[in-house]
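Summary of the model geometry
What follows is each chain in one-letter form.
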Amino acid sequence: MTQANARLVLNHSTHIPGLIPILEKLSQETGIQSITPGAICPVRAHMPQLRLRVSVPIRGGYKLIARAGKIAQEVFVLTTLGQNDLEAAIAKLLQR
């Protein structure tokens, strides 16, 4: 029996380039319930490739920070996975 994809909430009109395909793949991971991209803000340092890292725990999951170029975006993930398992799933997706 396979789990249905998690809900990917697209409530913002803009996203970091390349982020949505990664989040769509993450939504297929077991234990992920909901993914919501949040606020975008400019940052000073330049990040040449898309990076996604776990920031802080939230109720029911974790806040991630996506970075690419000079833009950062919050991503909220509701999950039953622990932080190490979520980080491993993200690392696996970014290596593809």
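Everything numeric in this text was worked out from a predicted model, so none of it was measured.

**Focus: the sheet that holds strand E1 (residues 7-8)**
The strand order across the open sheet formed by three strands is E1-E2-E3, and the pairing between neighbours is mixed. Strands at the two margins of the open sheet, each flanked by one partner only, are E1 and strand E3 (61-79). Of the pairings in the sheet, the one linking E1 to strand E2 (residues 32-58) comprises two bridges and is parallel in character. The residue bridging arginine 7 from the neighbouring strand is serine 34, located in E2. Across the sheet, helix H1 (residues 19-26) touches E1, E2 and E3, and the angle it forms with E2 is around 150°. Strand contacts of helix H2 (residues 83-95): E2 and E3, with the helix running at about 55° to E2, the strand carrying the most contacts.

**Describing the confidence of the model for the protein chain**
Averaged over all residues, the pLDDT of the protein chain equals 91, while 95% of them reach at least 70. Within the protein chain, the element-level pLDDT minimum falls on E1, averaging 90, and the maximum on E3, averaging 96.

**Re the nonpolar core**
The biggest cluster of nonpolar side chains holds 22 residues, and the ones touching the most others in it are Leu23, Leu26, Ile32, Leu52, Leu64, Val75 and Leu86. Mapped by element, the contributors of at least two residues to this core are H1, E2, E3 and H2. Ranked by residue count, the leading element in this core is E3, at six residues. Filtering out sequence-adjacent residues up to four positions away, leucine 26 remains in contact with Ile32, Ile35, Leu64, Leu86, Ala89, Ile90 and Leu93.

So, how was this worked out
- Residues numbered from 1 in each chain as written.
- Predicted model: local features only at pLDDT ≥ 70, side-chain atom pairs only at ≥ 80, totals over all residues.
- Heavy atoms only, no water.
- Pairing = 2+ DSSP bridges.
- Helix = DSSP H or I, 4+ residues; strand = E, 2+ residues; numbered from the N terminus.
- Contact = heavy atoms within 4.5 Å.
- Axes fitted to C-alpha atoms, helices over the stretch in contact; angles between N-to-C directions.
- pLDDT = per-residue confidence, 0-100.
- Core = buried A, V, L, I, M, F, W, Y, C linked by side-chain atoms within 4.5 Å.
- Buried < 20%, exposed > 50% of the residue type's maximum accessible area, 1.4 Å probe, protein only.

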